[in-house]
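Okay, here's what each chain looks like letter by letter:
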Amino acid sequence: MQFGWINAFGAVIVVLMLIPNIVYAIKNKGNKNLCTNKFMNIVEQLGRYACIILMWLPLLVWEFGFRSVGEMIAYFVLNGVLLAAYWLIFALYMKQKSLKLALALAIIPSCIFLFSGLLLRHWLLVGFALLFAVGHIYVTSKNK
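Let me begin by describing the structure that accompanies this report. Since we're looking at a predicted model, the values are computed, not measured. (Residues numbered from 1 in each chain as written. Predicted model: local features only at pLDDT ≥ 70, side-chain atom pairs only at ≥ 80, totals over all residues. Heavy atoms only, no water.)

Points about the state of the cysteines
In total, this model carries 0 disulfides according to the counting rule given. With no disulfide partner, Cys35 has as its closest neighbouring cysteine sulfur the one in Cys51, 18 Å distant. For Cys35, a relative accessible area of 7% gives the class buried. With no disulfide of its own, Cys111 lies closest to Cys51 among cysteine sulfurs, the gap being 12 Å. (Disulfide = S-S within 2.5 Å. Buried < 20%, exposed > 50% of the residue type's maximum accessible area, 1.4 Å probe, protein only.)

Shown next, in the form of structure tokens:
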């Protein structure tokens with residue numbers, strides 16, 4: 001399966017990841033970022049926004065798709081399972097905030113971006129996914 005110049009499935013994945021974050025931001029308007037390391041805050045945000053864009057836009061990718069049906073199935077199943085876990089953990093986190101749940105909420109999107117990049121051979125996405133993972137996990141740990 002090949003994608004055109006936009007990966008609609010990647011865009012849907014991003015939207016599904018953003019929905020709980022938007023709900024959380026609305027319900028917790030007064031939350032402040034407690035991480036004082038400006039470099040890591042920049043790393044996190046750079047990785048975040050690059051991954052959001054690269055999930056649906058195949059920049060610097062000549063062949064945006066899967067080489068086999070198995071890779072396509074792995075993409076959908078893995079992302080489906082990770083998204084379901086993300087939503088479940090977000091629901092638990094909204095009821096009882098803990099470092100363990102917060103870290104899970106930092107790791108799961110990183111895995112979604114990383115596995116998507118690997119399965120699509122979108123190496124720029126893989127690189128930014130790793131950058132995002134380091135920044136997001138660090139900042140999350142400092143905010144708890």
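That shown, we press on.
Some words on helix H4 (residues 99–120)
The end-to-end C-alpha distance of H4 is 32 Å, a good match for the 32 Å that 22 residues give at a rise of 1.5 Å each. Two residues or fewer past H4, Arg121 is found with a positive phi of approximately 55 degrees. (Helix = DSSP H or I, 4+ residues; strand = E, 2+ residues; numbered from the N terminus. Expected span 1.5 Å × (residues − 1).)

A look at helix H5 (residues 123–142)
With 20 residues, H5 ought to run about 28 Å at 1.5 Å a step, and its terminal C-alpha atoms sit 29 Å apart, in line with that. Among the residues making up H5, those that are buried are Leu125, Val126, Ala129, Phe132, Ala133, Gly135, His136, Val139 and Thr140. Contacts made by the buried residues of H5 are with helix H2 (38–54) and H4. (Contact = heavy atoms within 4.5 Å.)

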